[in-house]
Amino acid sequence: MDGDTANFQRQALTDWWCSPVPGLMVHARELHRLGPANNDRLSAVRVALSVAVPGLFLLVIGRPDLMMYAVFGALTGMYGRNETHQLRLKHQVQAALFLVGGLTIGVFLSVNHIHSWWLVLVATLFAGFGSLYADSVRLKPIGPFFGILALGACASVPTHVAFTTAVLIGAGSAAFSLMVGFSGWFRRRTWVAGAGRDVPVFRGPQRQAALVRAALVHAARYCLAVGTAGAIGVLSGSGHPHWAMAAAAVPLAGADLPSRVHRGIHRIVGTFLGLGIVAVVLFPGPLSPLQYFPGQTAVVLAVLVVLCQFPTELFMARHYGWAMVFFTPVVLLIAQLAAPMDPGVLVMERAIETFVGAVVGIAVAVLVRAPRSRVSS
């Protein structure tokens, strides 16, 4: 029966992918289709403010190279965007623990010069446990992507301050994001005793076993995708295998196979367009703002990071590809602030690692079936 079911699924997937209308045309339409607006501007303002204040503070004290830690802590503001203030606070605390946890592990690896295969192993284990954690508390944005990204990025740049200082910058930025997200509560000051977020309710041993099994399979997908992408990155001699690992995690956040394929394609296309912005900024030329502010490279890059964070959050829930157009400069420019490198190498490696990682993530989404299909057979 399992063999018949597997054959049926493979044939259905082939028909879905190859058919011009429900397959490739769907992907083409999804590349430019915006989802419905849902209070996106207010959420984008909160996140931009959460990034701007700690980032500009570091700029004022002359340490823009530490902005990476502030940005990853500030991503706490991306969670709980449309929840009530009370529930948003709980959601963002759960997200902050995860983000700062990934940042802390990454800084530890950097301080101790642990890279290459050890980084792949640690990131793979973090992806698996992060998936279980994200599913258990229902993080949204879904999945462990931002924690994986924080871990890999912080591990891959030299740490120019003490371990505790870097972690405290991330934790302080996360705490400021919590304050921004909760500040609106002071207008109404309503607090519902015992209010909780929408998390899985286990009713009966069979339901509990099914949910646990699904969560374990999903975590295994993350481990397989992140580990495979990281291994390819190391074997290829890339200096940034963590980019491939983060990209491999992106498709797996989709609710079903079509949405996972869409997210993978959005990741590739959005990143490539975002690399165009990065190239304009970093490559010498009349369009680069760096040419008009000589000697102020760090200031210009820091300001661009803040400006790009607003449209990132504005599109995050409506169109993942467009969000990546602006989030790609955020990630690369904070990396450039922390450890400058040749812009050509930076853009080329990011493009290759993103493509490899997204393809690996899509392949894992296609090949690793949900346990529900075995139960139904």
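Everything below is about the structure printed above this text.
This write-up is about the structure you can find in this document. Every value quoted in this text rests on a predicted model; they were computed, and no experiment measured them.

1. What to know about the packing of aromatic side chains
Then step 1. Applying the stated criterion across every chain, the model contains six aromatic pairs.
Then step 2. Here the aromatic rings of F315 and F326 are separated by 6.2 Å at their centres, their planes lie at 5°, and the arrangement is stacked. One end of the pair, F315, is in helix 13 (residues 297-316); the other, F326, is in helix 14 (residues 320-338), and eleven residues separate them in sequence.
Then step 3. In this structure F315 comes out as buried when scored by relative accessible area, which is 18%.
Then step 4. Chaining the aromatic ring pairs together yields one cluster made of F98, F126 and Y133.
Then step 5. Sitting over the ring of Y320, R263 keeps its end group 4.2 Å from the ring centre.

2. Quick look at the packing of helix 4 (residues 67-74) against helix 8 (residues 163-182)
Then step 1. It is the contact of helix 4 with helix 8, at a shortest axis distance of 7 Å, that shows an interaxial angle of 35°. Between helix 4 and helix 8 lies a crossing whose hand is right-handed. Counted together, Y69, A70, G73 and A74 of helix 4 and A166, I169, G170, S173, A174 and S177 of helix 8 form the full contact between these two elements.
Then step 2. Broken down by class, the residue content of the contact of helix 4 with helix 8 amounts to six nonpolar, four polar and no charged.

3. Remarks on the nonpolar core
Then step 1. M68, Y69, F72, F145, F146, L282 and F327 are the most contacted members of the largest nonpolar core, which has 93 residues in total.
Then step 2. The element contributing the most residues to this core is helix 14, with twelve residues.
Then step 3. Beyond its immediate sequence surroundings of up to four residues, F146 is in contact with L75, M78, Y79, L99, P141, M316 and F327.

4. Comments concerning empty space enclosed by the protein
Then step 1. Applying the stated criterion across every chain, the model contains one cavity of 30 Å³ or more.
Then step 2. Taken as a whole, the largest cavity encloses approximately 30 Å³ of empty space.
Then step 3. As for the largest cavity, its lining consists of D65, L66, M68, Y69, V157, P158, T159, H160 and A338.
Then step 4. Split by residue class, the lining of the largest cavity holds six nonpolar, two polar and one charged.

5. A closer look at the pattern of salt bridges
Then step 1. With the rule as written, the count across this model stands at two salt bridges.
Then step 2. A salt bridge links D65 to R63, with the nearest nitrogen and oxygen atoms 2.9 Å apart.
Then step 3. Residue class for D65 comes out buried when judged on its relative accessible area of 15%.
Then step 4. R81 serves as the salt-bridge partner of E313, at 3.2 Å between the closest nitrogen and oxygen. Residue E313 is located in helix 13, and its partner R81 is located in the loop between helix 4 and helix 5 (85-111); the two are separated by 232 residues in the primary sequence.
Then step 5. A relative accessible area of 1% means that E313 is categorised as buried.
Then step 6. Judged by relative accessible area, which is 12%, R81 ranks as buried.

Parameters at a glance
Residues numbered from 1 in each chain as written. Predicted model: local features only at pLDDT ≥ 70, side-chain atom pairs only at ≥ 80, totals over all residues. Heavy atoms only, no water. Phe/Tyr/Trp six-rings, centres within 6.5 Å; stacked < 30°, edge-to-face > 60°. Helix = DSSP H or I, 4+ residues; strand = E, 2+ residues; numbered from the N terminus. Buried < 20%, exposed > 50% of the residue type's maximum accessible area, 1.4 Å probe, protein only. Lys NZ or Arg CZ within 6 Å of the ring centre and 35° of its normal. Axes fitted to C-alpha atoms, helices over the stretch in contact; angles between N-to-C directions. Left-handed = near helix turned anticlockwise from the far one by under 90°. Contact = heavy atoms within 4.5 Å. Nonpolar A, V, L, I, M, F, W, Y, C, P; charged D, E, K, R; others polar. Core = buried A, V, L, I, M, F, W, Y, C linked by side-chain atoms within 4.5 Å. 1 Å grid on protein atoms, 1.4 Å probe; cavity = no way out; pocket = protein on both sides within 12 Å on 5 of 7 lines; lining within 4 Å. Points joined across faces, edges and corners; volume = space filled by probe spheres on them. Salt bridge = Lys/Arg side-chain N within 4 Å of Asp/Glu carboxyl O.

Shape descriptors only; they carry no functional weight alone.
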